[in-house]
Amino acid sequence: MSEQLTIIGSGPAGLTAAIYASRANINPLLFEGFQDGGIPGGQLMITTIVENFPGFPEGILGPQLMGQIREQAIKHGTRMIMEDTVEADLQQHPFTLTTSSGETHSTEALIVASGATARRLPLESEKRLWGKGISACAVCDGALPVFRNRELAVIGGGDTAIEEALHLTQFASKVYLIHRRDALRAGSIMQKRVKNNPKVEILWNKVVEEFCGEEKLAFLRLKDTVTGALSELPVVGAFEAIGHVPNTGFLKGQLATTETGYLKTVPGSTRTNIPGVFAAGDVQDANYRQAITAAGSGCMAAIEAERWLQERE
Ligand SMILES: Cc1cc2nc3c(=O)[nH]c(=O)nc-3n(C[C@H](O)[C@H](O)[C@H](O)COP(=O)(O)OP(=O)(O)OC[C@H]3O[C@@H](n4cnc5c(N)ncnc54)[C@H](O)[C@@H]3O)c2cc1C
């Protein structure tokens, strides 16, 4: 028998959709994921304190927040399977989903909330000091007390890197923008803004060779891409802004995407180009990429899926 509604992803978007759908008596099935595109619980599982999710004046640890949202979804009746969806057939209705164990499930409506993965520098030292001064989200972590009035670095040269650098100038004493080329990829207005900001210094033709420090980040070892010369840059925070990859591999191009690979939704809704398939959270959001916006669009997706199912009846 076909499921009414299946949700792919157990980050803030998928779990919020699950809470709303269960409370609407839709009895959703949710694939939590396992290793494709992150871990069950999503991106907040790899961070420490979350200070900007409403309702927690003292902040809350990312894994704790996700544990509580998961519990809420289960309490209202969501059924969870901790597996990846490896294939989806959206050409025929009901849709068919295949999971990593090889089982297939058919579903009337589908919410894709599989998130996006932040690109990270493939360095051993990066793994060791991740969360100890290294982050992939300045908007999320930049305001933490450890970074206030300190020298920080942003790695990247696109619009996101510049946005992150400008955001950090509100807290940092100085922000270094480390770029591997001699020109920024960002648009001209953004370039002007960053070049005119006295707190930002752009370090051209530099790549990070190593993140250094014992217990936490203390300095970066940089390499000049033209001369090969090595140098040290003392910073307590480094923010990687080298792009995100939306987790859409299992869809094999069946849903329309933007140029950068994010799922396309009808503006102001979570509807995709296939009726009955909705997309929520970071997988369709190149702009905000926050837990609260992901949760908000998860709520929208559940309400839209409920209405879509009712109309078909
Ligand atoms: C280091 C860091 C710190 C952050 N800090 C904050 C913060 O303080 N405040 C804030 O608001 N935001 C923060 N963010 C951003 C926030 O985590 C994301 O915006 C939010 O998690 C997006 O939610 P989502 O549900 O769309 O996707 P995700 O959280 O990415 O979850 C995606 C889910 O989909 C699953 N999945 C992926 N592929 C498959 C598949 N094929 N089959 C089944 N499941 C699949 C994954 O396992 C995961 O459960 C931070 C991000 C990072 C990386």
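Numbering of residues starts from 1 in every chain and runs along the sequence as written. In keeping with the predicted nature of the model, local features appear solely for residues at pLDDT of at least 70, side-chain atom pairs appear and are counted solely at 80 or more, and the whole-chain, interface and lining totals rest on all residues.

**Regarding the overall build of the chain**
Note the cut-off: A helix here means a DSSP run of H or I that spans at least four residues, while a strand means a run of E at least two residues long, and both kinds are numbered starting from the N terminus. What the globule rule says is 2.2 Å times the number of residues to the power 0.38, and the radius of gyration is computed from C-alpha atoms. In this description, any two residues whose backbone-derived C-beta atoms lie within 7 Å of each other are considered to be in contact.
Helix and strand content of the chain: seven helices and 19 strands. Taking 2.2 N^0.38 as the reference for a compact globule, 313 residues should give roughly 20 Å; the C-alpha atoms of the chain span a radius of gyration of 21 Å, in line with that estimate. Here the C-alpha coordinates of the chain stretch approximately 65 × 40 × 35 Å along the principal axes. Long-range contacts, defined here as pairs at least 24 residues apart, represent 61% of the contacts in the chain between residues at least 6 apart.

**Section: the site of the ligand**
Inclusion rule: Here is the check we use: build the C-beta atom from the backbone, and if it is within 6 Å of the molecule or strand, call the residue near. Polar here means any residue outside two lists: the nonpolar Ala, Val, Leu, Ile, Met, Phe, Trp, Tyr, Cys and Pro, and the charged Asp, Glu, Lys and Arg; Gly therefore counts as polar.
Inspection of the region around the ligand gives 45 residues, with G11, G33, G42, G115 and G281 positioned closest. When residues of the shell around the ligand are traced back to their parent elements, those giving at least two are α1 (12-23), β9 (116-118), α4 (138-141) and α7 (291-312). Taken together, the residues that form the shell around the ligand break down as 20 nonpolar, 19 polar and six charged.

**Focus on the domain arrangement of the chain**
Threshold: Where each domain starts and ends comes from a domain assignment, either automatic or drawn from a database.
Domain assignment breaks the chain into domain 1 (3-117 + 244-312) and domain 2 (120-240). The straight-line distance from the C-alpha centre of domain 1 to that of domain 2 is 31 Å. Tallied by class, the residues present in the side of domain 1 that touches domain 2 amount to one nonpolar, three polar and one charged.

**As for the nonpolar core**
When a protein is soluble and globular, its nonpolar side chains tend to lie buried together. Note the cut-off: To form a nonpolar core, buried Ala, Val, Leu, Ile, Met, Phe, Trp, Tyr and Cys residues must be joined through C-beta atoms within 7 Å. We call a residue exposed when 12 or fewer other C-beta atoms sit within 10 Å of its C-beta, buried when the count reaches 20 or more, and partly exposed for counts in between; the C-beta positions come from the backbone.
Core analysis: the biggest nonpolar cluster contains 46 residues, and A17, I111, V112, A113 and A280 have the highest contact counts within it. For this core, the secondary structure elements donating two or more residues are β1 (3-8), α1, β2 (29-31), α2 (62-75), β7 (95-99), β8 (104-112), β19 (277-279) and α7. Every residue in contact with A113, bar those within four places of it in the chain, is listed here: I7, I8, G9, G11, A13, G14, A17, A280, G281, V283 and G298. A172, V194, V200 and L220 belong to the second-largest nonpolar core, a separate cluster that totals 30 residues.

**Describing α7**
Filter applied, for reference: Each residue after the first adds 1.5 Å to the expected span of a helix.
Counted at 1.5 Å a residue, the expected span for α7 with its 22 residues is 32 Å, and the 31 Å between its end C-alpha atoms agrees. Along its buried surface, α7 packs onto β1, α1, β3 (49-50), β8 and β19.

**Regarding the sheet that holds strand β14 (residues 206-212)**
Put simply, the test is: Paired strands, as defined in this entry, are two strands with at least two bridges between them according to DSSP. Note on method: axes are straight lines fitted to C-alpha atoms, helices fitted across the in-contact stretch only, with angles between N-to-C directions ranging 0 to 180 degrees.
In space, the three strands of this open sheet follow the order β14-β15-β16, with antiparallel pairing throughout. Here the strands that pair on one side only, and so sit at the sheet edges, are β14 and β16 (230-234). Each strand of the sheet is rotated relative to its neighbour by a mean of 30 degrees, with strand direction disregarded. Summarising the sheet, strand β15 (residues 219-224) and β16 pair through five bridges and their orientation is antiparallel. Note that in β16 the partner of L220 across the bridge is L233.

**Describing the sheet that holds strand β12 (residues 174-178)**
The five strands lie next to each other as β10-β17-β11-β12-β13, forming an open sheet whose pairing is parallel. Each having just a single partner strand, β10 (134-135) and β13 (200-203) make up the two edges of the open sheet. The pairing of β10 with strand β17 (residues 237-240) spans two bridges and is parallel. Considered in β17, the bridge of I134 is made with A238. Sheet contacts for helix α5 (residues 159-168): β11 (151-155), β12, β13 and β17; angle to β11, the most-contacted strand, approximately 170 degrees.

**A few points about the environment of K174**
The topology assignment puts K174 in strand β12. The class for K174 is partly exposed, based on 16 C-beta atoms found within 10 Å. Once you skip the residues sitting within four places of it in the chain, K174 turns out to touch E151, K199 and E201.

**Overview of α1**
Look at α1: 17 Å from first C-alpha to last across 12 residues, which is about the 16 Å you get at 1.5 Å a residue. When you tally the buried positions in α1, you get 11 out of 12 residues, the bulk of the element. For α1, the complete set of buried residues consists of P12, A13, G14, L15, T16, A17, A18, I19, Y20, A21 and S22. Close packing links the buried residues of α1 with β1, β2, α2, β8 and α7. N25 lies just past α1 and shows a positive phi near 65 degrees.

**Considerations on the pairing of β13**
Here is the rule we go by: A crossover counts as right-handed when, viewed with the strands pointing away from the observer, the path leading from the first strand over the helix to the second turns clockwise.
Sheet analysis places β12 next to β13, joined by four bridges and oriented parallel. In the sheet register, Y176 faces β13, and the bridge partner there is E201. In this fold, β12 hands off to helix α6 (residues 188-195), which returns the chain to β13; that crossover is right-handed.

**Details of the packing of α5 against α6**
The geometry of a pair of packed helices is captured by two quantities: the angle between their axes and the separation between those axes. Applied cut-off: Working definition: roughly parallel below 35 degrees, roughly antiparallel above 145 degrees, roughly perpendicular at 65 to 115 degrees, and oblique for all remaining angles. Each crossing is labelled by how the near helix is turned from the far one, with a counterclockwise turn of less than a right angle marking it left-handed and a clockwise turn marking it right-handed.
It is the contact of α5 with α6, at a shortest axis distance of 10 Å, that shows an interaxial angle of 30 degrees. By the angle between their axes, α5 is roughly parallel relative to α6. For the pair α5 and α6, the crossing hand works out as left-handed. Listed contacts from α6 to D159, I162, A165 and L166 of α5 are M190, R193 and V194. Class assignment for the residues of the contact of α5 with α6 results in five nonpolar, no polar and two charged.

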